[in-house]
Structures are given as C-alpha cells and as structure tokens.
Amino acid sequence: IVVSVGAALGTLKDVRTSNLKLHLFRNLSHFAGQNLWFAALVMIPLAQVVALEFTSPIWIALLAPIFLAEKLTKLRLLVAFFGFIGAMIVAQPDFSNLEPGVLLALGAAIGFAGSAIFTKLLTRKERITSILFWLTIMQAIFGVVCASIDGDVAVPSLALLPWVVLVAV
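About the criteria used
Residues numbered from 1 in each chain as written. Predicted model: local features only at pLDDT ≥ 70, side-chain atom pairs only at ≥ 80, totals over all residues. Heavy atoms only, no water. Helix = DSSP H or I, 4+ residues; strand = E, 2+ residues; numbered from the N terminus. Buried < 20%, exposed > 50% of the residue type's maximum accessible area, 1.4 Å probe, protein only. Contact = heavy atoms within 4.5 Å. Areas by Shrake-Rupley, 256 points an atom, 1.4 Å probe, with all protein chains shown as cover. Lys, Arg positive; Asp, Glu negative; His and termini not counted. Charge placed at Lys NZ, Arg CZ, Asp CG, Glu CD. Phe/Tyr/Trp six-rings, centres within 6.5 Å; stacked < 30°, edge-to-face > 60°. Salt bridge = Lys/Arg side-chain N within 4 Å of Asp/Glu carboxyl O. Patch = residues over 30% accessible without salt bridge, like charges linked within 9 Å, V, L, I, M, F, W, Y side chains within 5 Å. pLDDT = per-residue confidence, 0-100. 1 Å grid on protein atoms, 1.4 Å probe; cavity = no way out; pocket = protein on both sides within 12 Å on 5 of 7 lines; lining within 4 Å. Points joined across faces, edges and corners; volume = space filled by probe spheres on them. Nonpolar A, V, L, I, M, F, W, Y, C, P; charged D, E, K, R; others polar.

Asks: Hey, could you go over the overall build of the protein for me, with residue numbers and the actual values?
Replies: The helix and strand tally for the protein stands at eight helices and zero strands. The N-to-C order of helical and strand elements in the protein reads α-α-α-α-α-α-α-α. Referenced to the eigenvectors of the C-alpha coordinate spread, the extents of the protein come out at roughly 50 × 40 × 25 Å. Within the protein, the fraction of its 169 residues that count as buried is 30%. Partitioning the intrachain contacts of the protein with sequence separation of at least 6 by distance along the chain shows that 86% fall at a separation of at least 24. When the accessible surface of the protein is totalled, it reaches about 10,700 Å², and 74% of it is carbon and sulfur. Across the protein, the mean location of the 11 positive side-chain charges is 21 Å away from that of the 8 negative side-chain charges.

Asks: Can you explain the packing of aromatic side chains? Please cite residues and give values.
Replies: Across all of its chains, the model carries six aromatic pairs by this definition. With centroids separated by 5.5 Å and ring planes inclined at 65°, the aromatic side chains of Phe31 and Phe142 adopt a geometry described as edge-to-face. One end of the pair, Phe31, is in helix 2 (residues 20-41); the other, Phe142, is in helix 7 (residues 128-147), with 111 residues separating them in the sequence. Phe142 sits in the buried class, given a relative accessible area of 15%. Each ring, one from Phe81 and one from Phe82, has its centre 5.3 Å from the other, and the planes form 70°; the classification is edge-to-face. Given the relative accessible area of 47%, Phe81 is considered partly exposed. Connected via pairs of aromatic rings, a cluster forms that spans Phe25, Phe67 and Phe118.

Asks: Please give an account of the pattern of salt bridges that cites residues and values.
Replies: One pass over the structure, following the stated rule, counts four salt bridges. The salt bridge involving Arg127 is made with Asp14; its shortest N-O contact spans 3.4 Å. Of the two residues, Arg127 is situated in the loop between helix 6 (100-123) and helix 7 and Asp14 in the loop between helix 1 (2-9) and helix 2; the sequence distance between them amounts to 113 residues. Here Glu70 makes a salt bridge to Arg76, at a shortest N to O gap of 3.2 Å. The exposure class assigned to Arg76 is partly exposed, which follows from its relative accessible area of 35%. Each of Glu70, Arg76 and Lys120 takes part in salt bridges that share partners, so that together they form one network.

Asks: Quick one: what's the story with the side chain of Ser115, residue by residue and with numbers?
Replies: In this structure, Ser115 sits in helix 6. Ser115 sits in the buried class, given a relative accessible area of 5%. In this view, Ser115 contacts Arg26, Ser29 and His30; residues no more than four positions away in its chain are not counted.

Asks: Describe unusual backbone geometry, and please don't skip the residues or the numbers.
Replies: The phi angle at Ala69 is positive, at roughly 60°, despite the residue not being glycine. Looking at where Ala69 falls in the secondary structure, it is placed in the loop between helix 4 (56-67) and helix 5 (74-91).

Asks: Provide a residue-level description of a nonpolar patch on the surface, including the pertinent values.
Replies: Taken together, the side chains of Ile1, Val5, Leu9, Leu158, Leu160, Leu161, Trp163, Val164, Val165, Leu166 and Val169 make up a nonpolar region of the molecular surface, amounting to roughly 1,200 Å² of accessible area. Of all the secondary structure elements, the ones that give two or more residues to the nonpolar patch are helix 1 and helix 8 (161-168).

Asks: Requested: an account of the confidence of the model for the protein, with residues and values cited.
Replies: Residues with a pLDDT of 70 or more make up 100% of the protein, whose mean pLDDT is 92. Taking the mean pLDDT of every element in the protein, the minimum, 87, falls on helix 5 and the maximum, 96, on helix 2.

Asks: Go over the layout of surface pockets, please, and point to the residues and values.
Replies: Approximately 410 Å³ is the volume attributed to the largest pocket. What lines the largest pocket is simply Ile1, Val2, Val3, Leu132, Phe133, Thr136, Ile137, Val164, Val167 and Ala168. Listing elements by their share of the lining of the largest pocket, those giving two or more residues are helix 1, helix 7 and helix 8. Residue contributions to the lining of the largest pocket peak at four residues, all from helix 7. Across the lining of the largest pocket, the residue classes tally to nine nonpolar, one polar and no charged.

Quick look at the structure:
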C-alpha cells in the first residue's frame, strides 16, 4: 500500500537509507509498545489499559529534553504531574501489589512515547513516505520473526484473507 501510494504520488524517491538506525529505534519502540499493549489487554481491564496508555504524553514530555533538546518547563512538569494523577485515579492500580498487566501497560505507554519522539527526530530529515516505508518493512519483519519463534505460524485461510486485506488498508 505504501509503495503503491508513494508511486502514485511520485514520492518513492524520498525513501532513503541514511537514517536506518533511527528508523530501527522508532520501529522497535512502536513494536514493543503495541505488543505490550496487547499483552496488557488480556491481563487487566480495558479501562485500566487505556488510562495507563494515556500516560504516553507524560513520558514524551519527560523524555523530550533528553532526546529532542526541548525544555522541561514548570508548566510541562505541572501538566505531567496532574496528568499522571488523573491517570492513576482512573486506572486505580494497587501499588502494594502491582499486577504484571499494569506494568505492561505502562511499558506500552513508554514504547509509544519513544515512537513519537523518534518520529519527531526522523521528520527533521526524512519525508513521510520514507518513514512509512521503513515502518511497514521493519514491522513486518519483527512480526514474522516474533510469530515464528515457536515454529507455528498461522497462515490466514482464504475465507479470512479479505479481512486481513481490510485491516491492512
């Protein structure tokens, strides 16, 4: 899909290999975040997963000074503090007995934050077609590798193929 749209728009020339390391970090962060989110989803209630996922902007604000050289102002700290308090009110984690699902959901939020930060770094030098191209390639490779670790890859049936295509689009 990315190659087809890029070809139609004449932007395939924008796909470069000069920032592959940054693409790798971005895609590993995103892949980890998304898979931690799915793992948390089966361990804790959906409301808790979503509330903890919404801490991602807080992690972005805290990590931006390190990776993006942005200032961590008093206002950003105050907003992050109240945002975290709000997420904890909704999520209501038991800090005396933290469930693995809560930690996975927080890990997902940090993974998504990393993905956002690396995307911002990439947009300084890369065009959207290149970012989407490498996202598609790397995520597919990560998915195949992880899915085949146990040697039991499930290939979708012909009946499911239209749904796979719909999800892909």
